[in-house]
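Inside the fold
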Amino acid sequence: MDAESNLMAISFLQPCLDQVRAQMLDDLSSTIPQLTEVYQYYVQMHSKRLRPTLIPLMAQATNGLARLWSSKDPRCDCSGTEQEYLNYDVGGSALANVILPEQLRLAAIIEMVHVASLMHDDVLDESFLRRGAPSAPCRFGTKQSVLGGDFLLTRAVILSTTLGELEVISEVAKILQTLVEGELLQAQSQSQSQSQGSSKLKWDTQLLEPSLLTQDVATSHWDSYLDKTYRKTASLFAHALRCAVILGGAAESDPLRKTATEYGSQLGMAFQIIDDVLDFNGDDSIGKPIGADVELGLATAPILFALEENEDLQPLVDRRFREPGDVQTAIQIVKATNALARSTALASLYAQKAHDALISLPESPSKAALQALAMGAVSRDH
């Protein structure tokens, strides 16, 4: 599925995404002008808006299926009061078209968390660019950028209390926790040997062997990398989509929870692994210089695969690419091996798992769009 097909698959959601963006700008009001300028700088930047796209798509694909849906559907209200809901005609059943106001607000909340994480990342990584423009730290300074990110996170938590589900507040808190854990794991990998990996998460080793690994590797390297990838990226997808179906009436034992969580987790892993591939063969014009992750001393999937094929990379990894010329040498070694193709193959396996996680859902344009986005995550070039 190419980028154009992906765009067509979700074009019907554009009014919804416009409303999410307007909701964010409306919710992020501050009496301090400087603070408003900082966070709105990233909110108004052009981006893929993937996370706020996934939530309404999952809502449309699952609303009407949950066991407690009748308590959520405004058309089932017996009070005689007409309640507001969004109904975008996507050619599916009437139930599948409904996006609850709470689900729309959730999309705005999740994007706030994501934007805050970008602001903090740019401070920690000392990034000069964000999406081709000066980063917030470069434009506003480190202190204001940190405070701007803190403000976004605080607002996200406060707004989550308005959604009417105590469990959703807990899920948002888990998102913040895993993001911080992921950042700490990354910081640790930049300052300590990755052989200390102690992942508590269990990964499907069939994704790594035997077809993708040509020889025995230090699994702790992969444990560390995959754990960090889940916490920094995939956990946000997983918990956000879990929240979406909870708001749609999915009780604790409802299979929809597992479906949404599995889809989000696998898609997030695929998405981040391709990001790591693009660190070696992407386009500088998108605002992330080639080799930026290597410059930070990170051993991502392409580095780990290349390490199997060329032992000359080992001393560079051990010293975290700190010596002059290490970054360029590492890039050359990676490109001279099959590491990028193998990393893409690994991402494809995760994408296929995301696609298959939705098989039990009834056919609908929204389900098709979610599956197209999963497979398209591998073929993207930015």
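Everything that follows concerns the structure shown earlier in this document.
Residues numbered from 1 in each chain as written. Predicted model: local features only at pLDDT ≥ 70, side-chain atom pairs only at ≥ 80, totals over all residues. Heavy atoms only, no water.

**Thoughts on the environment of Asp356**
Heads up, the condition is: A run of H or I in DSSP becomes a helix once it reaches four residues, and a run of E becomes a strand once it reaches two; helices and strands are each numbered from the N terminus. With a 1.4 Å probe rolled over the protein chains alone, any residue whose accessible area is under 20% of its type maximum counts as buried; one over 50% counts as exposed, and the rest are partly exposed.
Looking at the secondary structure, you find Asp356 in helix H16 (residues 339–357). Note on Asp356: relative accessible area 35%, which makes it partly exposed. Expressed as a C-alpha distance, the spacing of Asp356 and Tyr263, which sit 93 residues apart in the sequence, is 8.2 Å.

**Let's talk about the pattern of salt bridges**
Spelled out, the test is: Salt-bridge detection follows one rule: a side-chain nitrogen of Lys or Arg within 4 Å of a carboxyl oxygen of Asp or Glu.
Here the structure, examined in full by the defined rule, presents 14 salt bridges. Ionic pairing is found between Glu167 and Arg257, a salt bridge with its closest N-O pair at 2.6 Å. Taken together, the residues Glu167 in helix H9 (residues 166–191) and Arg257 in helix H11 (residues 255–281) connect sequence positions 90 residues apart. Across the pair Glu308 and Arg342 runs a salt bridge, and its minimum N-O distance is 3.2 Å. Of this pair, Glu308 sits in helix H13 (residues 301–309) while Arg342 sits in helix H16, placing them 34 residues apart in sequence. Considered together, Glu308 and Arg342 belong to a single accessibility category, that of buried residues. Ionic contacts of the salt-bridge type, sharing partners, join the residues Asp121, Glu183 and Lys232 into one network.

**What to know about the packing of helix H4 (residues 50–62) against H11**
Basically, it comes down to this: Every axis in this analysis is a line fitted to C-alpha atoms, fitted for helices over the stretch in contact. Angles between the N-to-C directions lie between 0 and 180 degrees. If an angle is under 35 degrees, it is roughly parallel; if it is over 145, roughly antiparallel; if it lies from 65 to 115, roughly perpendicular; otherwise it is oblique. Here a crossing is called left-handed whenever its near helix is offset anticlockwise from the far helix by less than a right angle, and right-handed whenever the offset is clockwise. Any two residues whose heavy atoms approach within 4.5 Å at even a single point are treated as in contact. Under the scheme applied here, ten amino acids are nonpolar (Ala, Val, Leu, Ile, Met, Phe, Trp, Tyr, Cys and Pro), four are charged (Asp, Glu, Lys and Arg), and all others, including Gly, are polar.
Between H4 and H11, whose axes approach to 12 Å, the crossing angle comes to 150°. Taken together, the axes of H4 and H11 are roughly antiparallel relative to one another. Read as a crossing pair, H4 and H11 show a hand that is right-handed. Mapping the contact onto sequence places Leu50, Arg51, Leu54, Met58 and Thr62 in H4 and Leu256, Ala260, Tyr263, Leu267 and Phe271 in H11. In the contact of H4 with H11, the residues fall into eight nonpolar, one polar and one charged.

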